[in-house]
Amino acid sequence: MNGTLNKVMLIGHLGDDVKMHYFDGGNCIGRFQLATNEVYINKTTNEKITSTEWHNLVVRNKAAEICEKYLSKGDKIYVEGRIKSRQWQAEDGTTKYTTEIQVTEFTFLTTKKETANHRPNQDQESTKNTNFEAPSEGLPINDLPF
């Protein structure tokens, strides 16, 4: 190990549907925002405060296609990835900056398509292990690492 670590783990709700962009050669990326909430009580007013943080997520290729197929606004998802910052020149000549989460693994926690059917079918259930490795026979698969 080189002594550094860039790892993000988030559980949140999609702010919008997955937006896809396709490239020459068959590659694609999907982009969506994820909302995470922190809830606390203001000690002076005894008021419940909810603070929302928005995260820009990027998924690539097969993972992007799976997310586009099964996820929609409001769905809850667990993601793992790394933080990546980038910059570009806008049409007006200004330099724009963004910070994104490059998703490497994800697990669907709830999807509207699943809720609408009241129970997931086999195809949807198989998408929950999305680390793209074959599951170990006889060993349980944990949805969350904690």
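Residues numbered from 1 in each chain as written. Predicted model: local features only at pLDDT ≥ 70, side-chain atom pairs only at ≥ 80, totals over all residues. Heavy atoms only, no water.

An unreviewed UniProt entry lists the protein under the name Single-stranded DNA-binding protein, with Flavobacterium johnsoniae given as the organism. One UniProt comment on the protein, placed under Subunit (unreviewed entry), says "Homotetramer." (UniProt positions renumbered as here; feature names shortened; annotations may be inferred.)

1. Concerning the pairing of strand β6 (residues 95-110)
Taken together, the 3 bridges between strand β4 (residues 48-60) and β6 define a ladder with parallel strand orientation. Pairing of V58 across the sheet is with Q102, part of β6. Where strand β5 (residues 76-89) meets β6, 14 bridges bridge the pair, whose relative direction is antiparallel. Bridging from a neighbouring strand, Q89 pairs with T95 of β6. (Pairing = 2+ DSSP bridges. Helix = DSSP H or I, 4+ residues; strand = E, 2+ residues; numbered from the N terminus.)

2. Quick word on the environment of T107
Checked against the element boundaries, T107 lands in strand β6. Under the relative-accessibility criterion, T107 is labelled buried at 8%. Counting along the chain gives 28 residues from T107 to V79, while the straight-line C-alpha distance between them is 6.5 Å. (Buried < 20%, exposed > 50% of the residue type's maximum accessible area, 1.4 Å probe, protein only.)

3. Let's talk about the confidence of the model for the protein
Scored by pLDDT, the protein comes out at a mean of 84, with 76% of its residues at no less than 70. Predicted confidence in the protein is weakest over helix α3 (residues 122-126), with a mean pLDDT of 43, and strongest over strand β1 (residues 8-14), with 97. The low-confidence segment residues 120-140, where pLDDT is below 50, has 24 contacts with residues more than four positions distant or belonging to other chains. (pLDDT = per-residue confidence, 0-100. Contact = heavy atoms within 4.5 Å.)

4. Things to note about the pattern of salt bridges
Evaluated as defined, the whole model comprises 4 salt bridges. Across the pair D16 and K19 runs a salt bridge whose closest N-O atoms are separated by 3.0 Å. When its relative accessible area of 36% is taken as the criterion, D16 is described as partly exposed. Taking the shortest distance from any N to any O, the salt bridge between E100 and R31 comes out at 2.6 Å. One end of the pair, E100, is in strand β6; the other, R31, is in strand β3 (residues 28-41), with 69 residues separating them in the sequence. Here the residues in one salt-bridge network are R31, R86 and E100, joined through shared partners. (Salt bridge = Lys/Arg side-chain N within 4 Å of Asp/Glu carboxyl O.)

5. Here we look at the packing of aromatic side chains
Taken as a whole, this structure holds 2 aromatic pairs when the rule is applied. With a centroid separation of 6.0 Å and 50 degrees between ring planes, the pair formed by Y70 and F108 is classed as tilted. Taken together, the residues Y70 in helix α1 (residues 61-70) and F108 in strand β6 connect sequence positions 38 residues apart. With a relative accessible area of 4%, F108 lands in the buried category. Note on F106 and F108: the rings are 5.5 Å apart at their centroids and 25 degrees apart in plane angle, and the pair reads as stacked. Aromatic ring contacts, followed pair by pair, group Y70, F106 and F108 into a single cluster. (Phe/Tyr/Trp six-rings, centres within 6.5 Å; stacked < 30°, edge-to-face > 60°.)

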